[in-house]
Amino acid sequence: MLKNYFKIAWRNLIKNKVFTLANIIGLTSALAVALLLVMTALFELSYDQFHKNKDSVYQVYLSSQTPRGLESGTSQPVPLAPALKADVPGIKHAVRTLSDDTFATYNDKEINLDAEFVDPAFFDLFTFPVITGKAKNPLSEKSSVVLSEKSAQKVFGTVENIVGKTIALKLGKEEQLFSVSAIVQDPPSNSSNDFDIIIPFENHPEYASNIDRWDSQFHLVYVQLEEGVTPDQFEKNTQEFTSLHYQGSIENAKRDGAVANEDGLFMQFHLLPITDMHFTSFASGAAVVKRTFPYMILGIAFVIIFIVCANFINMNIALSEKRLKEIGMRKTLGAVKKQLFFQFWLESLLVFTASTILGLVLGNLLLEPFKSLFNTRATLEHVTQPKILLIFGLSIFCITLIAGGYPALLMSRLGTLRALKGKMDLGKNRLRNSLIVLQFAIAILLISGTLVLHGQIEFMRNKDLGYNKEQVISIPLNGKKDSYQVVALLRDELKGNPNILNISGADNNLGMGRDGSSMSSMMGFDYKGRGVVTNALTVDYDYAKTLDLEVVAGRTFSRDFAADSLSLVINETMAKQLGEEDPLSVRIPIDDGATTYSVIGVVKDFNFQDISRQVNPLTLFLNNDWDLYYAYVKIAPQNISSSFDAVEKAWGSIEPQAEFLGSFLDENVDRTFRREKTMATIVTSGSILGILLSCIGLFAISMLVVAQRTKEIGVRKVIGASVSSVALLLTKDFLKLVGIAFILATPIAWYFLNEWLQNYAFRVTLSPLFFIAAGLLATLIAFITVGTRTVKAASANPVKSLRTE
Amino acid sequence: MLLQLNNIFKWVQSGGQRIFLLKDINLEVQEGEFISIMGPSGSGKSTLLNVIGMLDAFDEGEYHFLEDSVHDLKEKHRSNLYKEYIGFVFQQYHLLDDLTVQENLEMPLIYKKFKGSERKAMVADMLDRFNIVGKKDLFPSQLSGGQQQLVGIARALISNPKLILADEPTGNLNSKQGEEIMDLFKQLNDEGVTIIQVTHSEKNAEYGSRIINLLDGRMI
Ligand SMILES: Nc1ncnc2c1ncn2[C@@H]1O[C@H](COP(=O)(O)OP(=O)(O)OP(=O)(O)O)[C@@H](O)[C@H]1O
Ligand SMILES: [Mg+2]
């Protein structure tokens, strides 16, 4: 019996091989792509989920009411963590962490390591399993350090017998000796905390000088709450604590006209679950947790699956019409509903099973290219969890049931006589049409998303940032030499080269360099009885000249003036904030009047931060006591690559030990929207695939529709219709569906894209052209797909189509 | 003279062999004639009718229709010629299922680019003439075979063709209905319409003024 079912199913699939093939190709590619997308999304969502204590560990952030509105930040002062632990009830551990670079020396080998300075309880909060060494409290000694497996390999060349060995670390200007107390597994790729070496917090060079300072904030704090304590309770418990320790800041906020929050507070500590950290942005002032990216990817995967399933259902229903006579025959022979149903379902199941297997194979083949294209570190392990496999199995079961079962149901309801006549005028076209409309609405949504995303990226890439990004190379100063000396040596070395125009340095990069690090430095002071906050940037001479910054008033730092270490150059926004008619008259007393800074120049606003942000107040300092971290080299527009090589060569002779990580600023700027680019690639590929799959479906449906209407086409031609009018008649019905899809999709697309663009301070205008282009593109594609079929049908000799009666 | 066929051949290629569907057909039709084509099944009657109706091409020979040489015409001109002068009636009626009687009648006029008001008048006229005003809003499936054929003929006549081609118009009807259709043809013929019909029935053939016999694609 079963064999019989299989035999008939097989014959049917072979008989309709074009459709079977179209279905299998569509399903296979959709499943493969969905697999990869789901993998990426689940990987993103799994960030920091591996910590055993994830439910009780939080990152501490402080929200402050300022005259500029709500501001939140995770940078904390050194005394906060011990004070929290001592004064606030319900806290099991409070841990400080600070990421910094350090130089390790072992047997004359020097290695740059990514260090995490932490309090000992770090290992109680976070799950980084010890491989060898002291498993319990490995940082109990101030002079002990913990290495990751990878960095142990890098430093010692092995992970065996390292525990107890001594290495020298350069912290600040000095070198200190540490003994290795344990080796831990490398942080997994879905960890927000990434490190090579873990060092007790007290060893950080900034520790001693800031041990009692509440106004110097530069590290993160995590807490673990006691069992049963909620974040709400923590927030209540810290209110008094905050008003005590931040009294000065609160009074300043009141004085400057800040508005208290709904609890009447000016400063309030909050907790952020560590599993939310990866998705949190403080840009708007409050902590906003958005998992948009993974959910969008999941959405695209879902939508692609939906499109192929819709194809599958549509083709099945259309094809089953051809089988009406067969069904009628079977019914007269005594087949019952259940048997008919099973027959149809089996056919669907066969197609799906084959596609699933092929999809898995294809997905695996595409894994590596996919990972590099979308720059994800996800692995298939993230998908092959029992829960997900179960959901997947169940969905296949359901889809096949619908795809196979629906036509079966329609037919089994049909009277035997009508089935024999081969006519089925049911509402089935409504289902088919709604599915096609949905498919194309999705396609239009994805196309307009693609267009707007690329529009925004192009906009950001082409925007005038206020500095010269094409001709300037920035080089992270990752060597051991003093930074000012390095810049001086670079000047020396490249002096004779006519293509090197200017050289300068600063303590921060523009855009994202190849070192991958980013930081911001803020400071605040009182000016004429008002609090003023500014970004601070330490620069070397010629900074403005090197970057082509426009000086709108006064001058920039100059070697001709001896006292420039007490001079300030500010940007226009800062000048506006200071509110003086003549910004050059501003004098700022600092450290209770011990020193006074004076503003000597104003530069035109330039985008020194991400382009997603407004230009904030900025103050440039010239102070040889503060290190530089980046050198800037401006080169002539000619012979760019040979100039770049010359810079690299000069670097090699100055810092032979350190890797050259120089890059042009336009690359750096591009790197800051890597995420957008990844998103654009995913959405673009998603929409291309979506469109392709929709077209396969549309093509198949148009084939079937044309077949159904052969006789009508013939009759129309005999009574005088021209080829074009018949083709139009057939195509029109489909284009109407695309039109409805356009009307449905556009408002939705507009809404979401507008929401998304709000994330950017500088954004492309959401012109209707984006949507019209998307609609036209979808129409054109649908037209070509259907048109090839319909024109052919319309040009056929009517005598032939009428004879087939 | 309405049309003239000279040495028409039509064949299909099958396995390297020519199978002739029409062989050396010579035929002259005057305006106002009523011709019946007869012959056994498979003798090429429908093929000949389709060739005359310009629905099908032929491989050799000349075909003159009024002043035009059909064998030299481009597809477009041929279909214009056809649209203007010829109406077809089928054994299976071939009405459009999704359209009402009225809409079925209107369709050829739309294709021939008549204005809306003109169309209305012509359709109303036709409904009147065939006594099917009461049925104008029904769909073909709601009509009897004879009524459907009536609509089919009305549709063929609506744009005043000079020539009606009918392929076994009474084949699916009972003898009473068939007789009515034949009477209608006679009447139309008397009004000046040229008619060429294919038929198996001697009795129906008698309505015509001339009978052409076909055998294996050849006129005898
Ligand atoms: N395209 C074609 N390819 C091959 N053979 C064809 C083709 N068209 C028609 N024939 C053959 O040509 C012959 C004549 O067909 P036609 O339809 O003209 O016959 P008929 O005289 O109308 O028959 P009937 O009385 O049964 O309608 C038949 O044998 C038919 O099989
Ligand atoms: Mg025939």
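Residues numbered from 1 in each chain as written. Chains lettered and ligands numbered in written order. Predicted model: local features only at pLDDT ≥ 70, side-chain atom pairs only at ≥ 80, totals over all residues. Heavy atoms only, no water.

Enquirer: Could you give an account of the domain arrangement of chain A, with specific residues and numbers?
Expert: All names here are of chain A. Taken domain by domain, chain A holds domain 1 (2-43 + 292-459 + 675-803), domain 2 (91-225) and domain 3 (479-660). If you look at the interface, domain 1 gives 4 residues, while domain 3 gives 6 residues. Taken together, the two surfaces of domain 1 and domain 3 that pack against each other cover about 400 Å², and 65% of this comes from carbon and sulfur. By the criterion of area lost to domain 3, the three top residues of domain 1 are Tyr760, Ala761 and Phe762, representing 86% of everything that side buries. Where domain 1 meets domain 3, there are 0 residue pairs in polar contact (both at pLDDT 80 or more). Classifying every residue of the side of domain 1 that touches domain 3 gives 3 nonpolar, 1 polar and no charged. (Domains from an automatic or database assignment. Contact = heavy atoms within 4.5 Å. Buried area = accessible area lost by both parts, 1.4 Å probe. Polar contact = N/O pair within 3.5 Å; in protein donor to acceptor, adjacent residues only side chain to side chain. Nonpolar A, V, L, I, M, F, W, Y, C, P; charged D, E, K, R; others polar.)

Enquirer: Can you lay out a nonpolar patch on the surface for me, pointing to particular residues and giving the numbers?
Expert: Residues and elements named next belong to chain A. Residues Leu445, Ile748, Trp750, Tyr751 and Phe752 make up a contiguous nonpolar surface patch of about 510 Å² in total accessible area. For the nonpolar patch, the element with the highest residue contribution is helix H21 (residues 723-757), accounting for 4 residues. Using a relative accessible area of 42% as the deciding quantity, one classes Ile748 as partly exposed. (Patch = residues over 30% accessible without salt bridge, like charges linked within 9 Å, V, L, I, M, F, W, Y side chains within 5 Å. Areas by Shrake-Rupley, 256 points an atom, 1.4 Å probe, with all protein chains shown as cover. Salt bridge = Lys/Arg side-chain N within 4 Å of Asp/Glu carboxyl O. Helix = DSSP H or I, 4+ residues; strand = E, 2+ residues; numbered from the N terminus. Buried < 20%, exposed > 50% of the residue type's maximum accessible area, 1.4 Å probe, protein only.)

Enquirer: So what's going on with the interface of chain B and chain A? Which residues, and what values?
Expert: Contact residues are listed per partner, giving 17 residues for chain B and 15 residues for chain A. Note on chain B versus chain A: buried area summed over both sides is about 1500 Å², and carbon and sulfur give 61% of it. Considering only the surface of chain B that becomes buried against chain A, B:His94, B:Leu96 and B:Tyr111 emerge as the three largest contributors, covering 40% of it. Linking chain B to chain A there are 3 residue pairs in polar contact (both at pLDDT 80 or more). Every element with two or more residues in the side of chain B that touches chain A is listed here: helix H2 (75-85) and helix H3 (101-111) of chain B. Counting residues per element, the side of chain B that touches chain A draws most heavily on H3(B), at 3 residues. Residue composition of the side of chain B that touches chain A, grouped by class: 10 nonpolar, 2 polar and 5 charged.

Enquirer: Describe the pairing of strand S10 (residues 197-200) of chain A, with residues and values.
Expert: Residues and elements named next belong to chain A. Across the two faces of S10 the burial is the same, with Ile197 and Ile199 and Ile198 and Pro200 all buried. Judged from the 2 bridges that link them, strand S7 (residues 144-148) and S10 form a sheet pairing that is antiparallel. In the sheet register, Val146 faces S10, and the bridge partner there is Ile198. (Pairing = 2+ DSSP bridges.)

Enquirer: Describe the sheet that holds strand S10 (residues 218-219) of chain B, and please don't skip the residues or the numbers.
Expert: Residues and elements named next belong to chain B. Taken together, the 6 strands give an open sheet; going across it, the order is S6-S7-S8-S3-S9-S10, and neighbouring strands pair in mixed fashion. Since the sheet does not close on itself, it has two edges, and those belong to strand S6 (86-89) and S10, each with one partner. Of the pairings in the sheet, the one linking strand S3 (residues 34-38) to strand S8 (residues 194-198) comprises 4 bridges and is parallel in character. Across the sheet, the residue bridging to Phe34 is Ile195, located in S8. Along the sheet, H2 makes contact with S6 and strand S7 (163-167), crossing S6 at roughly 75°. The strands touched by helix H5 (residues 145-157) within the sheet are S6 and S7, with S6 carrying the most contacts at an inclination of about 170°. (Axes fitted to C-alpha atoms, helices over the stretch in contact; angles between N-to-C directions.)

Enquirer: Talk me through the pattern of salt bridges; I want residue IDs and the actual numbers.
Expert: Residues and elements named next belong to chain A. All chains considered together, the criterion is met by 27 salt bridges over all chains. The salt bridge involving Arg291 is made with Asp276; its shortest N-O contact spans 3.0 Å. Taken together, the positions of Arg291 in the loop between strand S14 (288-289) and helix H8 (292-322) and Asp276 in the loop between strand S12 (267-273) and strand S13 (280-281) put the pair 15 residues apart, joining distant regions of the chain. For Asp276, a relative accessible area of 16% corresponds to the buried category. Linking Lys634 and Asp548 is a salt bridge whose minimum nitrogen-to-oxygen distance equals 2.9 Å. In this pair, Lys634 sits in strand S24 (residues 630-635) while Asp548 sits in the loop between helix H15 (543-547) and strand S19 (551-554), placing the two residues 86 residues apart along the sequence. For Lys634, a relative accessible area of 10% gives the class buried. Residue Asp548 is classed as partly exposed on the basis of its relative accessible area of 36%. A single salt-bridge network, built from bridges that share partners, covers Glu458, Arg461, Asp670 and Lys677.

Enquirer: Could you give me a rundown of the site of ligand 1, with the residues and numbers involved?
Expert: Residues in close proximity to ligand 1 total 13 residues, the closest being B:Ser41, B:Gly42, B:Lys45, B:Ser46 and B:Thr47. Those chains with residues close to ligand 1 are chains A and B. Between ligand 1 and B:Ser41, the relevant distance is 2.5 Å, taken from an oxygen atom to a side-chain nitrogen or oxygen of the residue. A distance of 3.0 Å is found between an oxygen atom of ligand 1 and a backbone nitrogen or oxygen belonging to B:Gly44. (Near = heavy atom within 4 Å.)

Enquirer: Please provide a residue-by-residue account of the packing of aromatic side chains, values included.
Expert: In this description, a pair of aromatic rings is defined by centroid distance and the angle of the planes. Evaluated as defined, the whole model comprises 36 aromatic pairs over all chains. With a centroid separation of 5.3 Å and an interplanar angle of 80°, the aromatic rings of A:Tyr751 and A:Phe752 are classed as edge-to-face. Take A:Tyr751: its relative accessible area is 46%, and that puts it in the partly exposed class. Ring geometry for B:Phe34 against B:Phe185: centres 6.4 Å apart, planes inclined by 70°, an arrangement best described as edge-to-face. Of this pair, B:Phe34 sits in strand S3 while B:Phe185 is found in helix H6 (residues 175-190), placing the two residues 151 residues apart along the sequence. Accessibility classification places B:Phe34 together with B:Phe185 in one group, the buried group. Every member of this aromatic cluster is reached through a ring pair, and the members are A:Phe50, A:Phe122, A:Phe123, A:Phe126, A:Phe128, A:Phe195 and A:Tyr222. If you follow A:Arg555 out to its NZ or CZ, it ends over the ring of A:Phe561, 3.5 Å from the centre. The lysine or arginine in question, B:Arg18, covers the ring of B:Trp11, its NZ or CZ lying 3.9 Å from the ring centre. (Phe/Tyr/Trp six-rings, centres within 6.5 Å; stacked < 30°, edge-to-face > 60°. Lys NZ or Arg CZ within 6 Å of the ring centre and 35° of its normal.)

Enquirer: Break down the packing of H3(B) against H5(B) for me, citing the residues and quoting the values.
Expert: Residues and elements named next belong to chain B. Following both chains from N to C, one finds H3 and H5 inclined at 30°, their axes separated by 8 Å at the closest point. Judged by the angle between their axes, H3 and H5 are roughly parallel. Of the two possible hands of crossing, H3 and H5 adopt the one that is right-handed. Contacts from Val101, Asn104, Leu105 and Pro108 of H3 reach H5 at Val151, Ala154 and Arg155. Per-class residue counts for the contact of H3 with H5 are 5 nonpolar, 1 polar and 1 charged. (Parallel < 35°, antiparallel > 145°, perpendicular 65-115°, else oblique. Left-handed = near helix turned anticlockwise from the far one by under 90°.)

Enquirer: So what's going on with the pairing of strand S18 (residues 530-538) of chain A? Residues and values would help.
Expert: Residues and elements named next belong to chain A. Pairing geometry for strand S17 (residues 522-527) and S18, over 6 bridges, is antiparallel. By the bridge assignment, Met523 is partnered in S18 with Thr534. In sequence, S17 turns back onto S18 through a hairpin of 2 residues, with Lys528 there showing a positive phi of about 50°. Pairing between S18 and strand S23 (residues 618-621): 4 bridges, direction parallel. Within S23, the residue paired with Ala536 across the bridge is Thr619.

Enquirer: Pulling in residues and values, what's your account of the environment of A:Asn616?
Expert: All names here are of chain A. Relative to the helices and strands, Asn616 is located in the loop between strand S22 (595-603) and S23. Setting aside residues no more than four positions away along its own chain, Asn616 makes contact with Asn535, Asn571, Thr573, Phe608 and Gln609. There is a polar contact of 2.9 Å between the side chain of Asn616 and the side chain of Gln609.

Enquirer: Give a description of the sheet that holds strand S2 (residues 17-29) of chain B that names residues and reports values.
Expert: Residue and element names in this part refer to chain B. Taking strand neighbours across the sheet as the criterion, the 4 strands line up as S2-S1-S4-S5 in an open arrangement whose pairing is antiparallel. Whereas interior strands pair on both sides, the edge strands pair on one side only; in this sheet they are S2 and strand S5 (68-69). Across 9 bridges, strand S1 (residues 3-14) lies against S2 in antiparallel orientation. By the bridge assignment for S2, Leu5 is matched with Leu27. Across the face of the sheet, helix H1 (residues 45-52) comes into contact with S1, S2 and strand S4 (60-65) while running at roughly 60° to S2.

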